[in-house]
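# Per-entry structural report
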Amino acid sequence: MTAPAPLIALVTGASRGFGFATARALGARGVHVVALARTVGGLEDLADAIEADGGPSPTLVPLSITDEGGLRRLCLAVHERWGRLDLAIHAAAIAPPLSPAANTAEKDFDQALETNLRATQRLIPMLAPLLLAAPSGRFVYVGDDRTGQAFFGAYAAAKAGAEALVRAWAAETARIGPMVEIFQPRPMPTALRARFYPGENARALTPCATEATRLVDALMAEVTAV
C-alpha cells in the first residue's frame, strides 16, 4: 500500500517567535513546511531545528510578506511542485511604535496596514485555490486583539482589520471550503511583544512552543493527507 504524501504547510513569519515554533512543530510531525520570512539566518536555524527533530527538510522562502510579486511567484511554485496546500498559518506581523492615536506617525500607520492588513488581503485570493485543491485545506490567522487599548491604535487597527477580513472569509467558505479559523495564542515571549512591553518578565509568559503544540495538535486531528 502506498504511503500518503506528506502534508504541505505554508507558515509566514517562520524565522522567529510563534511562527518559528509552529513551523518546527509541524516539521516534527512529518509535515513539509514552506517557511516564509525576511530573515535568512532565522530560516536556516529553523531548517536545522526541524532536521534535528527528524522532520523533512523545509522549503525556505526569504521573502517579505509585503512583496506582492514575490508572493505570487511563491504560490505559483507551490502549485507547480505540489498542486495544493494542506495548511497555511499566517503568523507574520509587525509591531509599530506605541503612540497616542492623535500623534501616530503616518509612516508607522502605513507600515502597520501594509504588513498586518494588506498582506493578509493579498494572501487570501492567492492561497484560496491552493487550499481548495487539498482534501481538507485550512487557513489559520494568528490573532492578537488589542482593540481599545491605549497607545495600540496603529497595531490594533491593522490587526482588527485583518481579523474582520478573515472572519468574513470564514463565513463565506464554511460550506464550500477551505476551512478558515483564527487562533488567539496566550501571551508569549516574542520579539513583537517585547517591543510593546520592554523589561517584562518573560518567564511569566507561555512559551511559544507550548502554544504552537496546542495549535498543531488540533490541526493534525483535522487535516487529511492525500
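The coordinates are above.
By the element assignment, Thr 120 lies in helix α4 (residues 106-132). Relative accessible area serves as the criterion here: at 0%, Thr 120 is assigned to the buried category. In this structure the side chain of Thr 120 is engaged in a polar contact, spanning 3.2 Å, whose partner is the backbone oxygen of Asn 116. Residues in contact with Thr 120, not counting those within four places in the same chain, are His 90, Tyr 141, Ala 162, Leu 165 and Val 166.

Right, let's get into the nonpolar core. Core analysis: the largest hydrophobic core is formed by 31 residues, its most contacted members being Phe 18, Leu 26 and Ile 89. For this core, the secondary-structure elements that each account for two or more residues are β1 (8-12), α1 (17-28), β2 (32-37), α2 (40-52), β4 (87-90), β5 (138-142) and α7 (208-222). With six residues, α1 is the largest single contributor of residues to this core. Not counting chain neighbours up to four residues away, the residues in contact with Ile 89 comprise Leu 10, Val 11, Thr 12, Thr 22, Leu 26, Val 140, Val 142, Leu 215 and Leu 219. Membership of the second largest hydrophobic core comes to 28 residues, among which are Ile 124, Met 126, Leu 127 and Leu 130.

Cut-offs used in this document
Residues numbered from 1 in each chain as written. Predicted model: local features only at pLDDT ≥ 70, side-chain atom pairs only at ≥ 80, totals over all residues. Heavy atoms only, no water. Helix = DSSP H or I, 4+ residues; strand = E, 2+ residues; numbered from the N terminus. Buried < 20%, exposed > 50% of the residue type's maximum accessible area, 1.4 Å probe, protein only. Polar contact = N/O pair within 3.5 Å; in protein donor to acceptor, adjacent residues only side chain to side chain. Contact = heavy atoms within 4.5 Å. Core = buried A, V, L, I, M, F, W, Y, C linked by side-chain atoms within 4.5 Å.

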